[in-house]
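# An overview of the molecular structure
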Amino acid sequence: MAKVIAIANQKGGVGKTTTCVNLCAALLEQKKRVLLCDMDPQGNATSGLGIDKNKVDPNIYNVLIDGIKASEVIVTTPYGDVLPSNKILSGAGIELVTTNDREFVLKNVLSSIKEQYDFILIDCPPSLEMLTLNSLCAADTVLIPVQCEYFALEGLSDLMTSIRMIKRSLNPSIDIEGVLLTMYDSRTNFSSQVAAEIKKFFGRKVYTISIPRNIRLAEAPSHGMPVTAYDRSSRGSVAYIELAKELIKRNE
């Protein structure tokens with residue numbers, strides 16, 4: 001039975017999709033059955049695993065709105081299975097408003113395929129709207145990427161407020177999977193200060209591995225592949241492989 005992990009942060013540009021794509025590929029390398037569910041209408045996680053997001057039809061929109069079976073939409077790639085997305089998904093948030101149990105549509109979708117996987121990773125939009133709400137209601141836990149900069153702390157506060165609200169009213173069992181420091185620059189005191197603040201608040205929930213600033217990580221999506229395939233020896237690749245190992249160990 002899969003553990004469903006939402007990768008979320010209400011602030012954009014923190015490495016959320018980068019983490020989803022590369023963690024998916026790294027978990028597959030560790031012999032885990034993994035599915036990436038792209039709930040962001042930008043579809044960057046879809047294209048990051050080598051799928052042409054402009055041509056995926058049907059996709060997750062059709063699963064949520066038209067009732068197509070998830071198993072009929074899943075695309076298998078060398079880096080993991082994908083429930084793909086594209087810009088048509090942007091209308092789903094409004095259409096779901098009139099649906100019965102609207103917050104739990106994705107949860108019901110994933111329940112039909114959870115037996116097939118060890119991990120299901122959900123790439124969430126960078127705001128608290130109906131698609132993100134569905135993702136958090138479907139998730140067992142939330143993995144939070146946090147960029148090592150001042151404003152990231154503000155976004156983190158907003159996300160924690162949202163998670164507490166969802167835990168009270170919609171998904172009582174949701175918990176924090178872990179907090180991942182991204183774009184970490186060990187040469188600057190500021191990165192260390194932000195990291196110290198986050199560790200003070202979250203303690204052991206913060207992963208021991210942090211994701212460094214790395215040009216290979218930035219280049220890989222334009223080639224439609226995770227960094228582990230694009231440049232195996234890069235610092236970014238090594239970091240995500242270590243993250244996958246740490247996540248697996250915590251869940252044993």
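Right above here is the structure, for reference.
A brief structural summary.

## Topic: the sheet that holds strand S4 (residues 80–83)
With mixed pairing, the 7 strands of this open sheet are ordered in space as S3-S4-S2-S5-S1-S6-S7. Two strands lie at the open edges of the sheet, namely strand S3 (75–77) and strand S7 (175–182), each paired on one side alone. In this sheet, adjacent strand axes meet at a mean angle of 25° when their direction is disregarded. In this sheet, S4 lies alongside S3 in antiparallel orientation, the contact comprising 3 bridges. When the bridges of S4 are listed, Val75 appears paired with Val82. Here helix H1 (residues 16–29) sits on the sheet and contacts strand S1 (3–7), strand S2 (34–38), S4, strand S5 (119–123), strand S6 (141–147) and S7; the angle it forms with S5, its principal contact strand, is near 165°.

## Considerations on the side chain of Asn9
Within the secondary structure, Asn9 sits in the loop between S1 and H1. We classify Asn9 as buried; its relative accessible area is 1%. At 2.8 Å, the side chain of Asn9 forms a polar contact with the backbone oxygen of Pro145. Setting aside residues no more than four positions away along its own chain, Asn9 makes contact with Val14, Lys16, Pro125, Pro126, Ile144, Pro145, Val146, Gly155 and Leu159.

## What about the packing of aromatic side chains?
Under the definition given, this model contains 1 aromatic pair. With a centroid separation of 4.7 Å and an interplanar angle of 80°, the aromatic rings of Phe201 and Phe202 are classed as edge-to-face. Take Phe202: its relative accessible area is 11%, and that puts it in the buried class.

## Some words on helix H8 (residues 189–202)
A rise of 1.5 Å per residue sets the reference length of H8, with its 14 residues, at 20 Å; its end C-alpha atoms lie 20 Å apart and thus fit the reference within 8%. Within H8, burial applies to Ser191, Val194, Ala195, Ile198 and Phe202. One face of H8 carries all of its buried residues, which in axial projection span an arc of 100°. The outward face of H8, more than 90 degrees from its buried face, is lined by the exposed residues Asn189 and Lys200. On its buried side, H8 packs onto S6, helix H7 (150–169) and S7. Just downstream of H8, Gly203 is the residue with a positive phi angle, here 55°.

## Concerning the pairing of S5
With 5 of 5 residues buried, S5 lies mostly within the body of the structure. Covered by surrounding structure in S5 are Phe119, Leu121 and Asp123 together with Ile120 and Ile122, the residues of both alternating faces. In this sheet, S5 lies alongside S1 in parallel orientation, the contact comprising 5 bridges. Counterpart to Val4 in the pairing with S5 is Ile120. Bridge count for S2 against S5 is 5 bridges, and the pairing is parallel. Across the sheet, Leu36 pairs through a bridge with Leu121, a residue of S5.

## Quick look at the pairing of S4
Of the pairings in the sheet, the one linking S2 to S4 comprises 3 bridges and is parallel in character. When the sheet's bridge partners are listed, Leu35 is paired in S4 with Asp81. Connecting S3 to the antiparallel partner S4 that follows it, the hairpin turn spans 2 residues.

Cut-offs and rules
The numbering scheme is per chain: residues are counted from 1 as the chain's sequence reads. In keeping with the predicted nature of the model, local features appear solely for residues at pLDDT of at least 70, side-chain atom pairs appear and are counted solely at 80 or more, and the whole-chain, interface and lining totals rest on all residues. Heavy atoms throughout the structure, all of them, feed into the side-chain values; hydrogens and water do not. When DSSP locates at least two bridges between a pair of strands, those strands are taken to pair. Secondary structure is summarised from DSSP: a helix means a run of H or I of at least four residues, a strand means a run of E of at least two, and numbering begins at the N terminus for each. For every element, the axis is a line fit to its C-alpha atoms; helices are fit only across the contacting stretch, and the angle between N-to-C directions ranges from 0 to 180 degrees. Working rule for contacts: check all heavy atoms of both residues, and any pair within 4.5 Å makes them a contact. Whether a residue is buried, partly exposed or exposed follows from its accessible area with a 1.4 Å probe, protein chains only, as a fraction of its type maximum: under 20%, in between, or over 50%, in that order. Under the rule applied, a polar contact is a pair of N or O atoms within 3.5 Å (in protein, one hydrogen donor and one hydrogen acceptor; residues adjacent in sequence only if both atoms are side-chain atoms). Classification of ring pairs rests on two measures: the distance between centres of Phe, Tyr or Trp rings, Trp counted by its six-membered ring, which must be within 6.5 Å, and the angle between planes, read as stacked under 30 degrees, edge-to-face over 60 and tilted in between. Any helix carries an expected span of 1.5 Å times its number of residues minus one. This arc describes the spread of directions from the helix axis toward the C-beta atoms.

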